[in-house]
Structure formats: C-alpha cells, structure tokens
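Residue strings, one per chain:
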Amino acid sequence: MVFFEKIGRLVGRLPHFVPSLIILAVILCLTLLPVPDKVVDVPLFPGADKVVHFLMFGTLAVILWWDESRRRFLAKAPLSLLIPAALLSTVAGGVVEVLQDLMHAGRSGDWMDLLADMAGAVLLPLILRPLVNVILRRGAKISLRTLRHAKECPGRIKKLYESSFPPEERREWTDLINKGVSASSPLEFICIYIHERPVGMITCWHFDGFDYVEHFAVDGCLRGQGIGARVLGMITDAAPGLVLEVEPVATGEMARRRIAFYKRCGFRACEEYAYVQPPYSEGLPSVELMLMTCGQVPDLDRVASTLHKEVYNVKE
C-alpha cells in the first residue's frame, strides 16, 4: 500500500490530464510513425497485435478515467465516468486506424484492431478498477488546518455544517467560529482540505485526559470513499483518547451506518451508559445520544460531566 501511495502522490502532482496526454502521445508514436525498412517482423503468436491494441487503448481509458476522477477529488473511480473515458479511447483508436490508411507509412487500418481497441477501453479499466481506487485513495493529499481567524473559513464549510447537522445538534455558527479562533478556548476548529480544496470540517475540544469531537462532516460527494476514515485516523493518532457522541442504533439506518463506520475506525460503542446531550440553547430539546470512545479515556461519568460543563455550559 505504501508503494501505491507514493505512486499516487507522485503522478497526482501532475496537472490534470497531463498523464492522459502523455499516454496518448506514446500511442500515436507507436502507431503512426513510419515503419523502418530494416525492421524484421518477428511473429510472437497469432493475434499478438490485437493484444497490443487491447493494452494500449485500455491503458488510455484507465488513465483518462483516473484523471477525471482525481480532477473531481474522488477517492474512487465511479463507473459513470468510465463511459466517457472508454468512448474517448475508442474514438482515438478509430482515428488512428483512419490515419494509418491515409498516411501510407507502412501501416494499414484494420477493423479488428478497432474492435480490440474498443474491448480494451471497456474491459481493462474494469479489471484494474481496484488498483485505480487504491491509487486514488492513497494519492489524495489530505491536509488539516486549524482555523486561526474567522475570515479564513471557506463559505462552503458553513454550508456543509448547517446541512449536515439538525438545529438541536449544532451551535450557532458565530458562536462556533468565535470559540474556534479564541486562544483561550479548548475548542479547535479544523478545516479538511484535499489538494487545496476545502471538503470538510472537524470541531475538537481538548480536555485533560481526552479529546472530544463535537462535529465531523465531509462533503457528500466524498462520503463512502475512505476519506473520512483517513481524516479520523489522523485525529486519533494525535489524541491520547477520543470521545464522540452519536445517535443510537434505534434512531434509524443512518445511525447504524455511522456507528459501524466509527467501529471500523477503532471506536467502541458505550451502549451500556445512559447519556443525554443537553440543549445547545433555550427552546431546543435535549437529545438521547450514545458515547463512543477510542484509546485511553477517563471514566464515562467524568467524561459526561466535563462535556456538560465545558461544551454545553450546564451549571451543576
């Protein structure tokens, strides 16, 4: 996996579609340059040239597919993007066959070659899809940036916050930002970036003996692609112990999926502990939630007491 991460980040530094143009240039050189008179045609096996065409235009489709996926900051190559990639690769194959007939450079067009191009453009990406996804996921440059000034926060992060959490599970935006940028507050407001594009946010409170993740959201188009797990791993690695609140399984399918996600990231569900989230402000209801922990944390009574006092301003 480390090898693919290095490969993904290396080629990921290239501008979008430069890898595709490089592959296309290599294919054009191999298929359109005049055949030298002194070249001896060494037969390999029947249909070897068709295999070469399958691999060449299949590779072009794979790189086009990967290029468009990374342009959209995706960590998985969706099948919907394979269709235009395969079509463009097939069209390139057809243009090559026409040019070979017109250029009279010792080559000739062949409908069977075009069929091999088409087959490669469709089948090779499907065969290599797991590898493409690994390179996309491992090659995504994720950075976490602590908010220092309110003006630094991208507008799309506010929209993501308000669309991801219902009113009873979020605080007023100005209150959140003010606490996040205050040097005296234990709240850290973290913006998540992929290739310099803001795609998510985390609010994390730092207490004695544990950290508490109050809000964690990633752009909807990136959910289910491993980005959230990588970000959460970066947070847990830096914390002695981590605590978060989730809706219980009984509240619905979305809660079940969220709990399963956190369990995959190393969290333990404290189902036996009765926990209630106090209201963020007057007029809002309390919410029955469940605590989940990762790493070494104090006893849950101390955790709950700290959250109620420091996060929700509950007076004992």
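The notes below deal with the structure included here. (Residues numbered from 1 in each chain as written. Predicted model: local features only at pLDDT ≥ 70, side-chain atom pairs only at ≥ 80, totals over all residues. Heavy atoms only, no water.)

## Observations concerning the pairing of strand β3 (residues 197–207)
Phase 1: Burial analysis of β3 places nine of its 11 residues in the buried class, which makes it a mostly covered element.
Phase 2: Taken together, the eight bridges between strand β2 (residues 187–194) and β3 define a ladder with antiparallel strand orientation. Paired with Tyr-193 across the bridge in β3 is Pro-198.
Phase 3: Remark: two residues form the turn of the hairpin made by β2 and β3, two consecutive strands paired antiparallel; His-195 in that turn has positive phi of roughly 50 degrees.
Phase 4: As judged from the eight bridges shared by β3 and strand β4 (residues 210–218), these two strands associate in the antiparallel manner. The partner of His-206 across the bridge, within β4, is Asp-211.
Phase 5: What sits between the antiparallel neighbours β3 and β4 is a turn of two residues, in which Gly-209 has the positive phi angle 95 degrees. (Buried < 20%, exposed > 50% of the residue type's maximum accessible area, 1.4 Å probe, protein only. Helix = DSSP H or I, 4+ residues; strand = E, 2+ residues; numbered from the N terminus. Pairing = 2+ DSSP bridges.)

## So, the environment of Phe-189
Phase 1: Relative to the helices and strands, Phe-189 resides in strand β2.
Phase 2: Considering only alpha carbons, one finds Phe-189 and Thr-203, 14 residues apart in sequence, at a separation of 4.7 Å.
Phase 3: Look past the residues within four positions of Phe-189 in its chain and what remains in contact with it is Arg-145, Thr-146, Leu-147, Cys-153, Ile-157, Trp-173, Leu-176, Ile-177, Gly-180, Met-201, Ile-202 and Thr-203. (Contact = heavy atoms within 4.5 Å.)

## A word on a nonpolar patch on the surface
Phase 1: On the surface, Leu-79, Met-112, Leu-115, Met-118, Val-122, Leu-123, Leu-126 and Ile-127 cluster together into a nonpolar patch covering about 730 Å² of accessible area.
Phase 2: Broken down by element, the nonpolar patch gets its largest block of residues, seven residues, from helix α5 (residues 111–139).
Phase 3: Within the secondary structure, Leu-123 sits in helix α5.
Phase 4: Its relative accessible area of 42% is what places Leu-123 among the partly exposed residues. (Patch = residues over 30% accessible without salt bridge, like charges linked within 9 Å, V, L, I, M, F, W, Y side chains within 5 Å. Areas by Shrake-Rupley, 256 points an atom, 1.4 Å probe, with all protein chains shown as cover. Salt bridge = Lys/Arg side-chain N within 4 Å of Asp/Glu carboxyl O.)

## Considering unusual backbone geometry
Phase 1: Phi is positive for Phe-17, close to 70 degrees, though the residue is something other than glycine.
Phase 2: Assignment of secondary structure puts Phe-17 in the loop between α1 (2–12) and α2 (18–32).
Phase 3: Since its relative accessible area comes to 27%, Phe-17 is described here as partly exposed.
Phase 4: Even without being a glycine, Asn-313 presents a positive backbone phi close to 55 degrees.
Phase 5: Position of Asn-313 relative to the elements: it lies in the segment after α10 (300–311).
Phase 6: A residue is classified by how much of its surface remains accessible, and Asn-313, at 56% relative accessible area, is exposed.

## Examining the packing of helix α3 (residues 48–71) against helix α4 (residues 79–103)
Phase 1: Contact pair α3 / α4: the axes reach a minimum separation of 8 Å and the direction vectors enclose 140 degrees. One finds that α3 runs oblique with respect to α4. Here α3 runs over α4; the crossing is right-handed. Between α3 and α4, the contacting residues are His-53, Phe-57, Leu-60, Ala-61, Leu-64, Trp-65, Glu-68 and Ser-69 on the first element and Leu-79, Leu-81, Leu-82, Ala-85, Ala-86, Leu-88, Ser-89, Ala-92, Gly-93, Val-96 and Glu-97 on the second.
Phase 2: Looking at side-chain class alone, the contact of α3 with α4 contains 13 nonpolar, four polar and two charged residues. (Axes fitted to C-alpha atoms, helices over the stretch in contact; angles between N-to-C directions. Parallel < 35°, antiparallel > 145°, perpendicular 65-115°, else oblique. Left-handed = near helix turned anticlockwise from the far one by under 90°. Nonpolar A, V, L, I, M, F, W, Y, C, P; charged D, E, K, R; others polar.)

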